[in-house]
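Residue-level listing of the chains:
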There are 2 protein chains.
Amino acid sequence: MPQHKRDPSGEIASRIIAKATEILDNYGIADLTMRRLARELDVTAGSLYWHFADKQQLLGAVADEVLRPACDTAEATDWQHRITEASQRLRDALLSHTDGAELVSASFAAGQSARMRQILAALADATVDAGVAPENAELAGRTIIYYVLGFTVDEQSRLQWDAAGALEPERSLLDPREALNHTGRAFEFGLSVLIDGLAVRAGNFS
Amino acid sequence: MPQHKRDPSGEIASRIIAKATEILDNYGIADLTMRRLARELDVTAGSLYWHFADKQQLLGAVADEVLRPACDTAEATDWQHRITEASQRLRDALLSHTDGAELVSASFAAGQSARMRQILAALADATVDAGVAPENAELAGRTIIYYVLGFTVDEQSRLQWDAAGALEPERSLLDPREALNHTGRAFEFGLSVLIDGLAVRAGNFS
DNA sequence: ACCTGAACACCGTTCAAGT
DNA sequence: ACCTGAACACCGTTCAAGT
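Presented here is a report on the structure given in the accompanying data block. (Residues numbered from 1 in each chain as written. Chains lettered and ligands numbered in written order. Predicted model: local features only at pLDDT ≥ 70, side-chain atom pairs only at ≥ 80, totals over all residues. Heavy atoms only, no water.)

## Considerations on the interface of chain B and chain A
Thinking step 1. Each partner contributes to the interface: chain B provides 24 residues, whereas chain A provides 24 residues.
Thinking step 2. Of the roughly 2,300 Å² buried where chain B meets chain A, counting both sides, 71% is carbon and sulfur surface.
Thinking step 3. Taken as a group, Tyr146(B), Phe189(B) and Arg201(B) account for 27% of the area that chain B buries against chain A, more than any other trio of residues on that side.
Thinking step 4. At the boundary of chain B with chain A, the tally comes to two salt bridges.
Thinking step 5. A salt bridge links Asp154(B) to Arg142(A); its shortest N-O distance comes to 2.9 Å.
Thinking step 6. Applying the counting rule to chain B against chain A returns two residue pairs in polar contact (both at pLDDT 80 or more).
Thinking step 7. Secondary structure elements with two or more residues in the side of chain B that touches chain A: helix 8 (134-166) and helix 9 (176-202) of chain B.
Thinking step 8. In the side of chain B that touches chain A, the residues fall into 13 nonpolar, six polar and five charged. (Contact = heavy atoms within 4.5 Å. Buried area = accessible area lost by both parts, 1.4 Å probe. Salt bridge = Lys/Arg side-chain N within 4 Å of Asp/Glu carboxyl O. Polar contact = N/O pair within 3.5 Å; in protein donor to acceptor, adjacent residues only side chain to side chain. Helix = DSSP H or I, 4+ residues; strand = E, 2+ residues; numbered from the N terminus. Nonpolar A, V, L, I, M, F, W, Y, C, P; charged D, E, K, R; others polar.)

## Here we look at the nonpolar core
Thinking step 1. By size, the foremost hydrophobic cluster in this structure holds 110 residues, and its most contacted members are Met116(A), Tyr147(A), Met116(B) and Tyr147(B).
Thinking step 2. Those residues within four positions of Tyr147(B) in sequence are excluded, and the remaining contacts are Leu139(A), Thr143(A), Tyr146(A), Ala186(B), Phe187(B), Gly190(B), Leu191(B) and Leu194(B). (Core = buried A, V, L, I, M, F, W, Y, C linked by side-chain atoms within 4.5 Å. Buried < 20%, exposed > 50% of the residue type's maximum accessible area, 1.4 Å probe, protein only.)

## Things to note about the protein's contact with DNA strand C
Thinking step 1. Around DNA strand C, the structure places 17 residues, and the nearest of them are Arg35(A), Tyr49(A), Lys55(A), Thr44(B) and His51(B).
Thinking step 2. In the model, a phosphate oxygen of DNA strand C is placed 3.1 Å from a nitrogen or oxygen of the Thr33(A) side chain.
Thinking step 3. His51(B) has a polar side-chain atom sitting 2.8 Å from a phosphate oxygen of DNA strand C.
Thinking step 4. Those elements giving two or more residues to the surface near DNA strand C turn out to be helix 2 (34-40) of chain A together with helix 3 (48-51) of chain B.
Thinking step 5. Its residues placed into classes, the surface near DNA strand C shows seven nonpolar, six polar and four charged. (Near = heavy atom within 4 Å.)

## A short note on the packing of helix 9 (residues 176-202) of chain A against helix 9 of chain B
Thinking step 1. At a minimum axis separation of 7 Å, helix 9 of chain A and helix 9 of chain B run at an interaxial angle of 105 degrees. In terms of orientation, helix 9 of chain A and helix 9 of chain B fall into the roughly perpendicular class. Side by side, helix 9 of chain A and helix 9 of chain B meet where Phe189(A), Ser192(A), Val193(A), Leu194(A), Asp196(A), Gly197(A), Leu198(A), Val200(A) and Arg201(A) of the first sit next to Phe189(B), Ser192(B), Val193(B), Leu194(B), Asp196(B), Gly197(B), Leu198(B), Val200(B) and Arg201(B) of the second.
Thinking step 2. Class assignment for the residues of the contact of helix 9 of chain A with helix 9 of chain B results in 10 nonpolar, four polar and four charged. (Axes fitted to C-alpha atoms, helices over the stretch in contact; angles between N-to-C directions. Parallel < 35°, antiparallel > 145°, perpendicular 65-115°, else oblique.)

## Remarks on the relation of the copies chain B and chain A
Thinking step 1. Least-squares fitting of chain B to chain A yields an RMSD of 0.0 Å, with the transformation described by 0.0 Å of translation along the axis and a rotation of 180 degrees. In short, the pair behaves as if placed about a two-fold rotation axis. Closest approach to the rotation axis within chain B is made by the C-alpha atom of Gly197(B), at a distance of 1.8 Å.
Thinking step 2. A share of 100% of interface residues in chain B that are also interface residues in chain A marks the association as one of identical surfaces. (Least-squares fit on C-alpha atoms with pLDDT ≥ 70 in both.)

## Examining the pattern of salt bridges
Thinking step 1. Going through the model one piece at a time under the given rule, you end up with 18 salt bridges over all chains.
Thinking step 2. Arg68(A) is the salt-bridge partner of Glu65(A), the closest N and O atoms lying 2.9 Å from each other.
Thinking step 3. The partly exposed category is assigned to Glu65(A), whose relative accessible area is 30%.
Thinking step 4. Judged by its relative accessible area of 45%, Arg68(A) is partly exposed.
Thinking step 5. Among the ionic pairs, Glu40(B) bridges to Arg36(B), the shortest N-O distance being 3.2 Å. Here the residue Glu40(B) and the residue Arg36(B) both occupy positions in helix 2 (residues 34-40), the gap between them amounting to four residues, near one helical turn.
Thinking step 6. On the basis of relative accessibility, which here comes to 30%, the residue Glu40(B) falls in the partly exposed class.
Thinking step 7. A network of salt bridges, in which partner residues are shared, links Glu138(A), Arg142(A), Asp154(B) and Arg158(B).

Okay, structure coming up:
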């Protein structure tokens, strides 16, 4: 039997999501409108509502597409490495698409991203291994997510502003990859504050 | 001499901001549009652009209005209390207005809130007293802000969803103030993780 | 100095009717 | 099962012209 109305799992829904991701990458989230998406698919805007309940749900599906590479199963190591790797993979996935951090941040806040729920659960699990009480684990996981999303939204808006020609080119003496390494080290600093804080609460800090 | 065009410091600008805050409190951020704001002020939408460059700037001014009570000068105590009090006053201010957390979060990300810059500077200062290297102080301050904003956006959306009649009333056996006390303790837990993390990096944890 | 009127170029969403 | 056509009720922003 076919999928229920507005269950975005059909083949047509997949093509809608793929085209939406294309628009996101090429023009940014401001240009990802229902009408434009429909136009580029050579359909009418109303037809999208046969596949998705509303725009929020569609953006949630695009967010989950962006997050696909961040959800490969990680090795089972100590909790510190699990948190670090999950956070870095999340940041990398967001930076791989124009306005990726903003899109995922909005979809997470709206409760529309299944993969963000999955990442949250993995982080919460890791904090339990760190010694956090089970009733505080979800909040501890959310705290890490707030940091990663906040940091990366900020980072990406600066990166895209600079890439749009506003930067003085002398500012970074090295190549763009070096700029990413620089903010990458900043990212790790903030993350280590959180991990150290979790270790202290558990009574076992390195 | 009068103020420069689009410097939102005049008396008319203040009345615009006051009316915008009123709309925010009574109807939420989705209803805070330039056209509706103009209508309630009995002017034309275009006239708002004589006082504000664009909607982002106006929302930034409203955000700073929301943040006014969060910026009273705090006592000079130890860095832990300065961080705790600044965070709690920020959260309290956000919870005092409908969609306050969402508004301030967006304005902070857009770099449109002078008072958020001030709060960030105070937090960064406190982390220096905690022993954070000066080149990392702003990031440490931002990390605290990411937490407070992320937590409070979440908390407020749940509170407002529940207040809109979606909750089972048996759920919290006590009065609404008790529900706030509960999330208040959750807020303090996450904050203490960050403070402990900062203390560890400085080598002096309590 | 401040505001109007009118336009420009759009939005998200619904729904009867078609195939 | 899926899409069209057309409507509904809006948006932010600009700018010549008025007072």
